[in-house]
Amino acid sequence: MRKMNGSQILASSIRWLIGLLICIVVMLPITWVLSISLKPPEEWVAYPPTLVPLKPTFSNYIILFQPGNPVGGIAEMVSSAEPVTRAFINSLIVVPIATAASVLIGFLASYATVRFQAGGATLPLFVLTTRMFPPVAFAVPLLVYFRMLNLIDTQLALILMYTGFTIAFSLWMMRGFIEGVPRHVEEAAILDGASPWRVLLTITLPLVRGGLAATGLFVFILNWTEFLLAQIFTSREALTIPVQVSHYVGAVGRFYGPMAALGIVASIPVVVAGYIIQRYLVTGFTFGLVRE
Amino acid sequence: MADQQNMLIRLERLRKEFNGVIAVEGLDLDVVEGEFLCFLGPSGCGKTTTLRMIAGLETPTAGDVYLRGRRITHLPPQQRNVGFVFQNYALFWHMTVYENLAFGLRVRNVAPADIDHRVKEIAASLELTDVLHERARRLDLSTMQRVAMARTLVTDPEVLLLDEPLNNFRPGLREMMRGELKRWQMHLGRTMIYVTHDQEEAMTLGDRILVMNAGRCAQLDTPRHIYEHPANLFVASFIGRPPMNLIDVRYTVEGEKAFLVRDSLRLDITPLREKIERALAGETQLVLGVRPEHLSPGPFPEEGWVQFSLPAVVDLVQPLARKKFLDLKIGDALIKMVVSGTAPFRQGERFPLGFPLHRIHLFHPTTEEAML
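Every chain is numbered on its own, with residues counted from 1 as its sequence reads. Each chain takes a letter, starting from A, and each ligand takes a number, starting from 1, following the order in which they are written. At least 70 in pLDDT is required for a residue's local features to be given in this predicted model, at least 80 for side-chain atom pairs to be given and counted, and no such filter applies to totals for whole chains, interfaces and linings, which use all residues.

**Student:** Sorry, what's going on with the overall build of chain B here?
**Tutor:** Numbering goes from the N terminus for both helices and strands, where a helix is a DSSP run of H or I of at least four residues and a strand is a run of E of at least two. Counting secondary structure elements, chain B contains 9 helices and 22 strands. Each principal axis of the C-alpha distribution contributes one length, and for chain B these read about 80 × 45 × 40 Å. The proportion of buried residues among the 372 residues of chain B is 39%. Each residue is represented by a C-beta atom placed from its backbone, and any two residues with such atoms within 7 Å are regarded as in contact. When contacts within chain B are restricted to residue pairs at least 6 apart in sequence, those whose partners lie at least 24 apart make up 64%. Every C-beta atom is placed from the backbone, and the number of other C-beta atoms within 10 Å of a residue's own sets its class: buried at 20 or more, exposed at 12 or fewer, partly exposed in between.

What follows is the structure in C-alpha cells.
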C-alpha cells in the first residue's frame with residue numbers, strides 16, 4: 001500500500017468517522033428493534049432501557065406463529081391475533097406479482113415514451129398524476145368498485161392496486177435508464193436487420209438490467225411496506241404483513257415484543273431480494289466509455 | 001464518371017427538414033460501385049443526415065434514394081443491407097466480440113455452423129481472433145473500431161457507411177488508423193461512404209469528395225481537382241491549410257493590358273484578359289484567390305508568372321517543423337504564405353511577391369462561383 005502523508009491520513013480518518021456515523025444512524029433503529037424482539041415483556045419499555053436484553057428469549061418469535069403458545073407468559077395478551085403465516089404468504093404472493101407487473105409495464109411504457117414519443121410529451125406527466133393525490137383519495141371509489149366486483153379482501157385487489165399505484169414510479173425511474181442507452185446502439189442493431197422487439201429484448205433490456213433491478217427493489221419495498229390500502233381492502237383472508245403488525249395492539253397496550261419480532265422477520269425477504277440483485281445494481285453504466 | 005452499369009447509389013433532389021430547419025436541400029449524387037466517397041463539410045452541414053438517409057435511419061422530407069436502380073426511399077433500414085459504422089462504434093456493450101459479430105447473422109437466421117465460419121473469417125481478416133471472447137466494453141478504441149467494422153462487414157453489406165469513425169482518436173493514432181482504414185478499403189474492395197469534417201482525412205482517403213455546405217453540395221470531385229479547381233468561395237476557403245488567400249479586387253483595362261487593382265496594389269493579368277472578360281460579363285468587382293503554398297518571393301521567370309506591383313512585408317513568422325507560415329502585408333491586404341522551414345525570413349523583411357499564373361483563382365463576388 002502506498003504511503004500517506006499527514007493530511008491524507010487526516011482526510012482518510014474523517015471519511016471513516018463519517019462513514020461510521022452513518023452506519024450508526026442507519027443501524028441503530030434496526031439494532032433496537034432486534035433487541036426488543038429478544039426481550040421478555042417486562043423489559044419492552046423498562047427504564048433505563050438496555051440495548052442488550054437482560055433475559056433474552058425467543059418467545060416473541062414463537063408467539064408470531066403460535067399465538068396460543070404459553071411460552072413467556074404473553075399468549076393471553078395477543079391471543080386475538082392470527083398466526084403470521086397467512087399474512088406472510090399473502091405478502092409473498094401479492095408483492096412480487098404486483099412489483100413484476102409494475103416494472104414490466106413501466107419498462108415497456110417508458111421505452112415507448114422515450115424512443116417513440118408514444119402519447120406525446122405529456123403522457124409521462126399524465127401518468128404522474130396518479131401520484132398527485134394521496135392514495136386514500138382513491139380508496140373510497142375503489143372500495144365501491146371492488147365491492148361490486150367482489151374483490152374485497154382478495155389478493156387480486158391488492159395486486160391491481162399495487163401495480164397501478166407504482167407504475168408512475170416504474171415509468172419515471174426507467175426513463176432515466178433508457179435515455180442512458182445510446183440511440184446509436186439500437187440503430188446498429190436495426191441496421192443489422194433486427195426487428196423492434198428483438199432490439200428491445202436483446203439490446204436494450206440487457207443494457208438497462210441494472211436499472212430494472214433498482215426499480216424493482218424500490219417498488220418491492222414500497223409495496224412490501226404498504227399499510228393504508230391493505231388495511232382498508234383486506235380484513236382476514238388477504239391481509240398483509242404491515243396490517244398484521246397493527247394487530248399486536250390491544251386494549252391493554254402495545255405488544256412491542258411480537259411487533260419487533262415481526263418487523264425483523266418481515267425484513268428478511270427484502271434483505272434477501274436486495275442481496276440477490278445487488279450485483280445488477282452496481283453494473284455501473286459504462287456508456288460514458290466513448291464520448292457521445 | 002458514373003455510367004448506369006456500376007452505379008450503386010443514387011440520390012435525387014434529396015431534402016430533409018427537422019422542425020422547419022433545413023438540414024439537406026436539393027442533393028443529387030451518384031455513388032459508383034467500389035469507390036471511396038467522402039462527405040466533407042463543417043459540422044451541421046448535413047453530411048451525417050445524408051448518410052443516415054442512405055441507411056434509412058432518417059426519412060427524407062422530399063427526394064429519393066436508389067440502390068442499384070431500385071427506389072428505397074421508404075424501405076426500412078432492416079431491409080436495406082447497408083453497413084453503418086457509428087462515430088462511437090455503438091457496440092453491444094453487454095456482449096462479447098463474437099456475439100457482436102454474430103448478431104446480424106443470427107437475426108438473419110443464418111445456420112449456426114455458417115455463423116461460426118463467417119465470424120471467424122472476418123475476425124481473422126481484421127485481426128480480432130485473439131479478442132473474440134472479450135466483452136466489448138473492455139476493448140481499447142482501435143479494437144472497438146475494428147469490431148465495429150467487422151460487425152458491419154460480416155453481413156456482406158452493399159455499401160459501408162462510416163460516420164466520423166476516427167473522431168475519438170488522439171492525433172497521432174488518428175493518422176495511423178487512417179492508413180489502416182485505407183488499407184482495409186483497398187483490401188476489401190467495398191464501396192464506402194465516409195463522413196468527416198477533417199479535410200486531410202477526406203483528401204487522403206477519398207476517391208471522390210462531396211464538399212457540403214449548409215445542406216447543399218458545394219462541389220463533388222476528386223480530391224486533386226477540388227484542391228486545384230475549387231468551384232466556389234466556400235470550397236476555396238474550406239479546403240487547404242492555411243486557407244486560400246482571398247482578396248477583393250477590381251478589374252481594369254489600360255490600353256492592351258489588363259490589371260487586377262486594389263488601391264495602389266496591381267497585378268498584371270493580360271494573358272487571361274479574354275477569359276476574364278467573358279466570365280465577368282460587364283462586372284468589374286471580383287475576388288482573387290491564391291493559395292499560400294503557391295506564392296513565392298522573386299526573382300520570377302519571364303513566362304507564366306505574375307508579380308504584385310508592391311513588395312510584400314513580413315508581418316509575422318510562424319515556424320513549424322518543416323515549413324513556415326508567413327503573414328505578409330501587401331498594400332492594405334494581409335495574406336498568408338507557406339515557405340520551407342529553412343527559408344531565412346525575418347519580420348519586417350521586404351521582397352517582391354508573385355505566383356505562377358495558372359495557380360490563379362478568380363471568383364464572382366455575388367454568386368461566389370469560380371470564374372476560371
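Now that the structure is up, let's keep going.
**Student:** Can you help me understand the interface of chain A and chain B in this one?
**Tutor:** It is common to give the size of an interface as the accessible area that goes away when the parts come together. Taken residue by residue, the interface counts 21 residues in chain A and 20 residues in chain B. Mapped by element, the contributors of at least two residues to the side of chain A that touches chain B are α9 (183-191) and α10 (196-207) of chain A. For the side of chain A that touches chain B, a count of residues per class yields 12 nonpolar, 4 polar and 5 charged. Asp, Glu, Lys and Arg are counted as charged, while Ala, Val, Leu, Ile, Met, Phe, Trp, Tyr, Cys and Pro are counted as nonpolar; the rest, among them Gly, fall into the polar class.

**Student:** How should I be thinking about the confidence of the model for chain A in this particular structure?
**Tutor:** Detailed reading of the predicted coordinates is not advisable wherever pLDDT falls low. All names here are of chain A. For every residue, the predictor reports its confidence as pLDDT, a number between 0 and 100. Summarising the model, chain A shows a mean pLDDT of 87, and 91% of its residues fall at 70 or more. The spread of mean pLDDT over the elements of chain A runs between helix α4 (residues 75-78), the lowest at 62, and helix α5 (residues 84-115), the highest at 95. For residues 284-292, every residue scores under 50 in pLDDT, and the model assigns this stretch 12 contacts once sequence neighbours within four places are set aside.

**Student:** Is there a simple way to think about the sheet that holds strand β15 (residues 296-297) of chain B in this case?
**Tutor:** Adjacent strands of a sheet form backbone hydrogen bonds with each other and so pair up, either parallel or antiparallel. All names here are of chain B. At least two bridges found by DSSP between two strands is the condition for calling them paired. Spatial ordering of the open sheet is given by β15-β21-β16, a layout of 3 strands whose pairing is antiparallel. What marks the edges here is a single partner per strand, and that holds for β15 and β16 (305-307). With 3 bridges joining them, β16 and strand β21 (residues 353-356) adopt antiparallel strand pairing. Paired with tryptophan 305 across the bridge in β21 is proline 356.

**Student:** What is the right way to read the sheet that holds strand β14 (residues 285-290) of chain B from this model?
**Tutor:** Residues and elements named next belong to chain B. Reading across the sheet, the 5 strands line up as β13-β12-β11-β14-β22 and stay open at both edges, with antiparallel pairing between neighbours. Strands with a single pairing partner mark the edges of an open sheet, and in this sheet they are β13 (265-268) and β22 (361-363). Averaged over neighbouring strand pairs, the angle between their axes works out to 40° when direction is ignored. Relative to β14, strand β11 (residues 245-254) runs antiparallel, the two sharing 6 bridges. By the bridge assignment for β14, isoleucine 247 is matched with leucine 288. Lines are fitted to the C-alpha atoms to define the axes, a helix being fitted only along its stretch in contact, and any angle between axes, read from their N-to-C directions, falls within 0 to 180 degrees.

**Student:** Please explain the pairing of strand β1 (residues 7-18) of chain B as it appears in this structure.
**Tutor:** The side chains of a regular strand alternate between both faces of the sheet. Residue and element names in this part refer to chain B. For β1 and strand β2 (residues 21-32), the ladder comprises 8 bridges, and the chain directions are antiparallel. Bridged to leucine 14 within β2 is leucine 27. Where β1 and strand β4 (residues 62-67) come together, 5 bridges link them in antiparallel fashion. Residue pairing in the sheet places isoleucine 9 in a bridge with leucine 67 of β4.

**Student:** Explain the confidence of the model for chain B here, please?
**Tutor:** Overall, the predicted model of chain B reaches an average pLDDT of 91, with 99% of residues at or above 70. For this predicted complex, the interface confidence score (ipTM) comes to 0.83, while the overall pTM stands at 0.81.

**Student:** What exactly am I supposed to notice about the nonpolar core here?
**Tutor:** Generally speaking, soluble globular proteins have nonpolar side chains that are buried together. A set of buried Ala, Val, Leu, Ile, Met, Phe, Trp, Tyr and Cys residues, joined through C-beta atoms within 7 Å, is what we mean by a nonpolar core. Ala150, Leu161, Ile193 and Leu210 of chain B are the most contacted members of the largest nonpolar core, which has 162 residues in total. Ranked by the residues each element gives to this core, the list is headed by helix α8 (residues 155-179) of chain A, at 14 residues. When near neighbours in sequence (up to four residues on either side) are disregarded, leucine 210 of chain B contacts Leu29, Leu37, Cys38, Phe39, Leu40, Cys217 and Leu220 of chain B.

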